[in-house]
Amino acid sequence: MLPYIAEFLGTALLILLGGGVCANVNLRKSGMHNSNSGVVLITIAWGLAVLLPAFIFGKASGAHFNPALTIALAVQGSFAWSMVPGYIICQIAGGFAGGCLVFAVFRDHFNDHDDPNTKLGCFCTAPSIRHYSQNVLSEAVGTFVLVFAILGINQVPNIAGGLNYLLVFGIIVSIGMSLGGLTGYAINPARDLGPRLAHFCMPIHNKRDSDWGYAWVPIVGPIIGGIVAALVYNAIPWN
């Protein structure tokens, strides 16, 4: 039971901190609105949003917080398929809970802000250019880098305990700074679907639709990228 609880709580914390920085920078009454470092702040904060719950829950669950990573690890052979459905359910539920917390904390700011697109962007991703095949490719490539690099940490000899989570922080920030402008680099179905559901359910003043026509992209793209990364990693004769 503990691994499933850890995945739920870890993903909720991830979304609270990640969605929180988007709200903190983009909602007009926030003290950090219009910060000159907004893009850099968001990118680094998303990396920290993964790092902190990974330190807390890594021992309990492996700190997946990402259905694409969970499926990839099962494909790669280092995670039991029998645990995959429960992990994914807890991750999406945690993403929903985290999205609800973002709304609860920033409720007055959401209700004061005029632009419904900005409000939606505090919960889920959207492409800068809507071209579904390219958007799927972007998400797949970003997730390939994420999963392949996480698996590649195993090639670091005598790595100190906990250092692997710092390396994951670097991976997330690198992907965001290099590829984030294309689709918002969800690279994680739970990071997008859970908060998108929260946006749909929460009583946000003057909100728009939750853009369900795009919602399949940050699910399909990351899963494809994660599976390909696992297969490529296994195909390399490391020893």
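Residues numbered from 1 in each chain as written. Predicted model: local features only at pLDDT ≥ 70, side-chain atom pairs only at ≥ 80, totals over all residues. Heavy atoms only, no water.

Draft legend 1. Inspection of unusual backbone geometry at higher detail. For Tyr-185, which is not a glycine, the phi torsion comes out positive at approximately 40°. Of note, Tyr-185 is situated in the loop between helix H8 (163–183) and helix H9 (189–201). You can call Tyr-185 buried: its relative accessible area is 13%. Phi at Asn-206 is positive, roughly 55°, even though this residue is not glycine. The topology assignment puts Asn-206 in the loop between H9 and helix H10 (217–235). According to the relative accessible area criterion, Asn-206 is partly exposed, its value standing at 43%. (Helix = DSSP H or I, 4+ residues; strand = E, 2+ residues; numbered from the N terminus. Buried < 20%, exposed > 50% of the residue type's maximum accessible area, 1.4 Å probe, protein only.)

Draft legend 2. Spatial organisation of the environment of Ser-128. Note on placement: Ser-128 falls in the loop between helix H6 (116–121) and helix H7 (132–152). Between the C-alpha atom of Ser-128 and that of Leu-197, which follows or precedes it by 69 residues, the distance is 21 Å. Excluding residues within four positions of it along the chain, Ser-128 makes contact with Gly-181 and Leu-182. (Contact = heavy atoms within 4.5 Å.)

Draft legend 3. View of the packing of helix H3 (residues 67–76) against H7. With their axes 11 Å apart at the nearest point, H3 and H7 run at an angle of 50° to one another. Relative to H7, the element H3 lies oblique. When the axes of H3 and H7 are compared, the crossing they make is right-handed. Every residue of H7 that contacts H3 at Ala-68, Leu-69, Ala-72, Leu-73 and Gln-76 is listed here: Thr-143, Val-147, Ile-150 and Leu-151. For the contact of H3 with H7, a count of residues per class yields 7 nonpolar, 2 polar and no charged. (Axes fitted to C-alpha atoms, helices over the stretch in contact; angles between N-to-C directions. Parallel < 35°, antiparallel > 145°, perpendicular 65-115°, else oblique. Left-handed = near helix turned anticlockwise from the far one by under 90°. Nonpolar A, V, L, I, M, F, W, Y, C, P; charged D, E, K, R; others polar.)

Draft legend 4. Layout of the nonpolar core. If you look at the biggest cluster of nonpolar residues, it comprises 37 residues, and the most contacted ones within it are Val-21, Ala-23, Trp-46, Phe-110, Cys-122, Phe-123 and Ile-172. Of all the secondary-structure elements, those providing two or more residues to this core are helix H1 (2–26), helix H2 (38–61), helix H4 (84–105) and H8. With 8 residues, the single largest contributor to this core is H2. In contact with Ile-172, not counting residues within four places along its chain, are Trp-46, Gly-47, Val-50, Leu-146, Tyr-185 and Ile-187. Formed by 13 residues, the second largest nonpolar core is a distinct cluster that contains Leu-69, Val-84, Ala-230 and Tyr-233. (Core = buried A, V, L, I, M, F, W, Y, C linked by side-chain atoms within 4.5 Å.)

Draft legend 5. Representation of the packing of H9 against H10 within the structure. Their axes nearest at 8 Å, the elements H9 and H10 cross at an angle of 165°. Classified by the angle between their axes, H9 and H10 sit roughly antiparallel to one another. As H9 runs across H10, the sense of the crossing is left-handed. The segment H9 lies against H10, with Pro-189, Asp-192, Leu-193 and Arg-196 engaging Pro-218, Ile-219, Pro-222 and Ile-223. A class-by-class count of the residues in the contact of H9 with H10 yields 6 nonpolar, no polar and 2 charged.

Draft legend 6. Structural view of the UniProt feature "transmembrane region" (unreviewed entry) in the protein chain. UniProt records the feature "transmembrane region" (unreviewed entry) at residues 39–58, 79–106, 165–187 and 215–236, using the numbering of this structure. When the span residues 39–58 is considered, its composition is 100% helix and 0% strand, and the gap between its end C-alpha atoms is 28 Å. (UniProt positions renumbered as here; feature names shortened; annotations may be inferred.)

Draft legend 7. A look at the environment of Asp-192. The residue Asp-192 is located in helix H9 in this model. Spatially, the C-alpha atom of Asp-192 lies 24 Å from that of Gln-76, the residues being 116 residues apart in sequence. Residues within four places of Asp-192 in sequence aside, it is in contact with Cys-124, Thr-125, Ala-186, Ala-215 and Pro-218. Only 2.7 Å separates the side chain of Asp-192 from the side chain of Thr-125, close enough to count as a polar contact. (Polar contact = N/O pair within 3.5 Å; in protein donor to acceptor, adjacent residues only side chain to side chain.)

Draft legend 8. Summary view of the state of the cysteines. Counted by the stated rule, this structure contains 0 disulfides. Take Cys-100: it sits in no disulfide, and the sulfur closest to it among the cysteines is that of Cys-201, at 6.9 Å. Since its relative accessible area comes to 16%, Cys-100 is described here as buried. (Disulfide = S-S within 2.5 Å.)

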